[in-house]
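# Structural overview for review
Chain residues, written in single-letter form:
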Amino acid sequence: MIDSLSDLDPTGLLAASSEAVRERRLAEVRDLEVLAQWAVVHSTDPTEGPDAAHARRIGDVLVHPGGQGTPGVQDFCLGEIALARGTGVTATSNALADVLDLQHRLPRTWTVLCSGQAEVYIARRIARLSRHLPADRIGVVDAAVARVIAHEAGGRVLAVAEAKIIEADPALHDERVEAEKARRYVTSSRTDEFGLRTVIARVEAGDAVWVEATIARVAEILAPTHPDTGPDALRAIAFGYLARPAELLQLLLEHTEHTEHPEPADPEPADPDLDLDLPADEAAVDEEETETPSRATAFPADLLDALRAVDLTPLAPQAVLYVHLHEAALTGADAVARAEDLGPVALSALRSLLGRTRLTVRPVRDLSSRVRSTAYEHPEALKEQTYLRTAGDYWPYATSTSRRVDYDHPTPYDDTGPPDPQHPQTGSHNSGPLGRRHHRWKTHAGHRSRQCGDGRYVWLTPHGLAFLVDHLGTHPIHPDQAQQIYDAPPGVDLYFT
C-alpha cells in the first residue's frame, strides 16, 4: 500500500483519502451488521422453550439493550461475540443497542450510514441520546438527522438531533429536565501542594452564562491592577470574588460605568463609618459576644440598610442573547428555540432563563433585504445579516457557529480602481464568515469560493475538489459544475439537479 501511495500525485492522494474514509465507514457499518445478525440468531426467548425452567434458573433470559420497539437478545450470547470482537462485554452491548436502534428506530439514518456517506460514531451517539423516546415519537428525529448527517459537520448534526429530541416529546423532555435538576451539584477537589483547588459545578445553562458574565466583568475591572497576570489566572482571581459577596458588590459599585439607568432620587445617606475594607481579623468582637461574620462574606444590618437605597440594576452583567424561533412557536405550537452559545432549549427553559432579566427586544431582521457598501469593511448590519444566513463559518464541513469570525469577500475585493457605487463589492451578495485559519487558507493556499445565492457558496480546492455549501450543509459536486457556477456572469446563480 505504501508503494502504491508513493506513486500517486496530489489529485490521486485526495481521491485515495476519500475512498479510505468511505471504506472505514463501511467497515464500521459491517461490524454493526454482524452484531445485529448475531442478535437475530439469538432472538428466541430461552424461558419459553423446552428448557424454560433451566434457563430461568441460570438467568439466561431475553434482554432488550435497545430502545422501545427493538427486538430482544439472549443475555448469554453477548459474551462470546464480545470475545470474537476483542472487546469488553459492555462495549459490545452498547454497540448492539446502538445498531438495533439504528435499524429499527432510525431506519432512514441507517440507510445513509450504509452508503458510507456519514460517520457511524455520530449516528451511534444520536441513537443513545434518543433512546428514551417512545417508538411512535422517534420518527421526528430520524427524518431530520437523515437529511443532514451526510452534509453537516458532527457538531451541527448533534445540535439538530438535540433540538428534534426535545420537539418529539416536550412533556417527556420537561420531566427529564426536572429529574436532572435534582442531580445538580457543586464540589471541589482536595487542596494540592500549591494551595489550589479545582471547583466543579453542574448548574443550569442560564446560571452558568451569568456566572461567566460576572467573572468576565470582574476580570475586566481587575485587569489594570494586574498587568502581569494572564487572562486565565485573572478569571480565577475574579471567580474568588463570588465567595466574598460584599467585596464583589463594593467592587462593582465602584466601577459602575453604565448610564442608561437613572440614579435613584434622594437616596438615604450611607453610614459614614461604614468600612467595606475591614480585614477579617479585625472583625472580631468581645469574647463574651457572638462572633460576627466578616463584611467580606456577609451583609450586616447596617450594610443592608445602606444598600436598600441603591439602584443595583446597573450592576447586572449585560449580554446579547440571540434566540432563533420558528414562527410556530409564536402561535402556541410545540417548538424548540435555538439560543446561541446555549444550543437547543425548550420554550419552558427559555422562559425560565429570560424571566429574571431586563429584556431589550430587538426587531426581527429581514434576511431578504440587501445591504451594500462601497468600502472594503463590512458594516455591522451586513455582518449580522450574513451570520444569520449562514449560522457560522461557511468553509465546507465547518463546525464552528461562533460569531468570532472574519467576514470575507468570497469574490476577492479589487482595490486597484476607484469604488463603483453602481456595483459595490461589499454586500449581501458577496459576504461570508470564515474562521481565521480557513480565511488564511482561502487567501493564501489557493482555495477559491464564490457566493451564488443567499447563504449559498461554491468552493474549488487547489487540486480540483468541489463543494456547494448552503443551508442544508455541504454537498460534494462535480468540478465541472462548480466551475460553471464560479464562472457565471455577475448576478447569475446557477443551480444543478
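Up top is the structure.
Just so it is clear, the structure is predicted and the values come from calculations on it, not from any experiment. (Residues numbered from 1 in each chain as written. Predicted model: local features only at pLDDT ≥ 70, side-chain atom pairs only at ≥ 80, totals over all residues. Heavy atoms only, no water.)

## A closer look at the overall build of the chain
Here is the rule: Each helix is a run of H or I in the DSSP string that is no shorter than four residues. Each strand is a run of E no shorter than two, and both are numbered from the N terminus. Only protein chains enter the accessibility calculation, which uses a 1.4 Å probe; a residue is then buried when its area is under 20% of its type maximum, exposed when over 50%, and partly exposed in between. For this analysis, residues touch if any pair of their heavy atoms sits within 4.5 Å. Only the protein chains shown count as covering a residue, and every accessible area follows the Shrake-Rupley method with a 1.4 Å probe.
Looking only at helices and strands, the chain features 18 helices and 15 strands. Looking at the chain as a whole, 35% of its 497 residues are labelled buried. Counting contacts in the chain only where the partners sit at least 6 residues apart, residues at least 24 apart contribute 58% of the total. With an accessible surface of roughly 29,700 Å², the chain has 54% of that area assigned to carbon and sulfur atoms.

## Describing unusual backbone geometry
Even without a glycine there, the phi angle at Ala391 is positive, about 60 degrees. Take Ala391: it is sitting in the loop between α16 (380-390) and β9 (406-408). By relative accessible area, which is 23% here, Ala391 ends up partly exposed. Positive phi is not limited to glycine here, since Tyr397 has a value of about 60 degrees. By secondary structure assignment, the location of Tyr397 is in the loop between α16 and β9. Since its relative accessible area comes to 35%, Tyr397 is described here as partly exposed.

## Some details on the sheet that holds strand β5 (residues 323-324)
To keep things clear, this is the line we draw: Two strands are said to pair when DSSP picks up at least two bridges between them. Lines fitted to C-alpha atoms define the axes, with helix axes restricted to the stretch in contact, and inter-axis angles between N-to-C directions lie between 0 and 180 degrees.
With antiparallel pairing, 3 strands are arranged side by side in an open sheet as β5-β6-β7. Strand pairing shows two members of the sheet lacking a second neighbour, β5 and β7 (343-346), which therefore form its edges. Alignment of strand β6 (residues 336-339) against β7, held across 4 bridges, turns out to be antiparallel. Residue Val336 lies in a different strand from β7, and its bridge partner there is Ala346. Most of the contacts of helix α9 (residues 154-168) go to β7, to which it runs at about 5 degrees, and overall it touches β6 and β7.

## A word on the sheet that holds strand β14 (residues 466-470)
Ordered in space as β12-β13-β14-β15, the 4 strands form an open sheet in which the pairing is antiparallel. Among the strands making up the open sheet, the edge pair consists of β12 (448-451) and β15 (473-476). Averaged over all adjacent pairs, the angle separating strand axes in this sheet is 20 degrees, with direction ignored. Against the sheet, helix α18 (residues 479-487) contacts β12, β13 (457-460) and β14, and its axis sits at roughly 120 degrees relative to β13.

## Let's talk about the nonpolar core
Formally: Only buried residues count toward a nonpolar core. Its members are Ala, Val, Leu, Ile, Met, Phe, Trp, Tyr and Cys residues joined through side-chain atoms within 4.5 Å.
Grouped together as the largest cluster of nonpolar side chains are 38 residues, with contacts concentrated most on Leu96, Leu113, Ile126, Val141 and Ile149. Counting only elements with at least two residues in this core, the list comes to α2 (10-41), α4 (78-85), α5 (89-104), α6 (107-114), α7 (120-129), α8 (139-148) and α9. Ignoring any residue separated from it by four or fewer positions in sequence, one finds Ile126 in contact with Val141, Val145, Val157, Leu158 and Ala161. By size, the runner-up hydrophobic cluster in this structure holds 11 residues, among which are Val218, Ala219, Leu234 and Leu248.

## Focus: the pattern of salt bridges
Quick reminder of the rule: One side-chain nitrogen of Lys or Arg within 4 Å of one carboxyl oxygen of Asp or Glu is enough to make a salt bridge.
For the structure on display, the rule yields 26 salt bridges. For Asp406, the salt bridge identified is with Arg436, shortest N-O distance 2.5 Å. One end of the pair, Asp406, is in strand β9; the other, Arg436, is in helix α17 (residues 436-444), with 30 residues separating them in the sequence. What makes Asp406 buried here is its relative accessible area of 15%. For Arg436, a relative accessible area of 54% corresponds to the exposed category. Each member of the salt-bridge network shares a partner with another, and the members are Asp98, Asp101, Arg105, Arg124, Arg128 and Arg131.

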